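As a plain string of letters, each chain reads:
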Amino acid sequence: MRRALAGILGFSFAANGLAMLFFPMAWYHAIPGVTGTGPFNAHFVRDIGCAFLASGGAFAWFSFDARARGAAMAGAAFLALHAIVHLWDLSAGRESIADLRCDLMTIFIPAILALWLPWPKTPFQKETDDVEMADTASTRRVRTRL
């Protein structure tokens, strides 16, 4: 379940990043609330698009390979820090409660999910995952030798 959700988030983040890279003006006008954050700056939109693309790639990788947990956690760090910037702007009066309602679905919930998905499980569950991963690796080695 977690890994499937990681794949969905990864695809979504990567798609958002690609839209920001290749269609920055369209992205700027299509996303609710963005035009209220300041004038359009294509370079800035593309910079952030790169971060979303990298985060999306990390989550897509994690959805297929548990060893990419560290990459997914780094991608989640970007999303969490991005959410903190929005909270900071709200507390400083640069964003309104109306912005917060929009940010809830597009920024805060994805950031919370992104932090939760790659978070290590309890030690017992992690031990079980490690054994399963070792078994899978052993099976691959056996198949390549045949």
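Above: the structure in question.
Residues numbered from 1 in each chain as written. Predicted model: local features only at pLDDT ≥ 70, side-chain atom pairs only at ≥ 80, totals over all residues. Heavy atoms only, no water.

Membership of the largest hydrophobic core comes to 21 residues, with the highest contact counts inside it found for Phe13, Trp27, Phe59 and Leu79. Elements with a contribution of two residues or more to this core: helix H1 (2–22), helix H2 (24–30), helix H3 (42–64), helix H4 (69–91) and helix H5 (97–116). With sequence-adjacent residues up to four places away left out, Phe13 is seen in contact with Phe52, Leu53, Ser55, Gly56, Phe59, Leu79 and Pro110. (Core = buried A, V, L, I, M, F, W, Y, C linked by side-chain atoms within 4.5 Å. Buried < 20%, exposed > 50% of the residue type's maximum accessible area, 1.4 Å probe, protein only. Helix = DSSP H or I, 4+ residues; strand = E, 2+ residues; numbered from the N terminus. Contact = heavy atoms within 4.5 Å.)

Our focus in this paragraph is H1. Over its 21 residues, H1 runs 30 Å from end to end, which matches the ideal 30 Å to within 8%, given 1.5 Å per residue. For H1, every residue scored as buried is listed here: Ala6, Leu9, Gly10, Phe13, Ala14, Gly17, Met20 and Leu21. Here the buried residues of H1 occupy an arc of 130 degrees about the axis, which is enough to place them on one side. With respect to the buried face of H1, the exposed residues turned more than 90 degrees away are Ala4, Ile8, Phe11 and Phe22. (Expected span 1.5 Å × (residues − 1). Arc of directions from axis to C-beta.)

Take the side chain of Glu95 next. Turning to its location among the elements, Glu95 is positioned in the loop between H4 and H5. Buried within the structure, Glu95 lacks any salt-bridge partner; its nearest side chain of opposite charge belongs to Arg94, at an N-O separation of 7.7 Å. Apart from the residues lying within four places of it in its own chain, the contact partners of Glu95 are His86, Asp89, Leu90 and Asp103. (Lys, Arg positive; Asp, Glu negative; His and termini not counted. Salt bridge = Lys/Arg side-chain N within 4 Å of Asp/Glu carboxyl O.)

With respect to the helices and strands, Ile8 occurs in helix H1. Between the C-alpha atoms of Ile8 and Gly56, which are 48 residues apart in sequence, the distance is 9.2 Å.

This next bit is on the pattern of salt bridges. Inspection of the entire model under this criterion finds 2 salt bridges. Across the pair Asp65 and Arg67 runs a salt bridge whose closest N-O atoms are separated by 2.9 Å. A residue is classified by how much of its surface remains accessible, and Asp65, at 18% relative accessible area, is buried. The class for Arg67 is exposed, based on a relative accessible area of 52%.

This brings us to a nonpolar patch on the surface. Together, Leu18, Phe22 and Phe23 give the surface a local cluster of nonpolar side chains, amounting to about 350 Å² of exposed area. Mapped onto the elements of the fold, Leu18 is located in helix H1. Classification of Leu18 as partly exposed rests on a relative accessible area of 37%. (Patch = residues over 30% accessible without salt bridge, like charges linked within 9 Å, V, L, I, M, F, W, Y side chains within 5 Å. Areas by Shrake-Rupley, 256 points an atom, 1.4 Å probe, with all protein chains shown as cover.)

Moving on to the environment of Gly57. Along the chain, Gly57 turns up in helix H3. Between the C-alpha atoms of Gly57 and Phe13, which are 44 residues apart in sequence, the distance is 8.1 Å.

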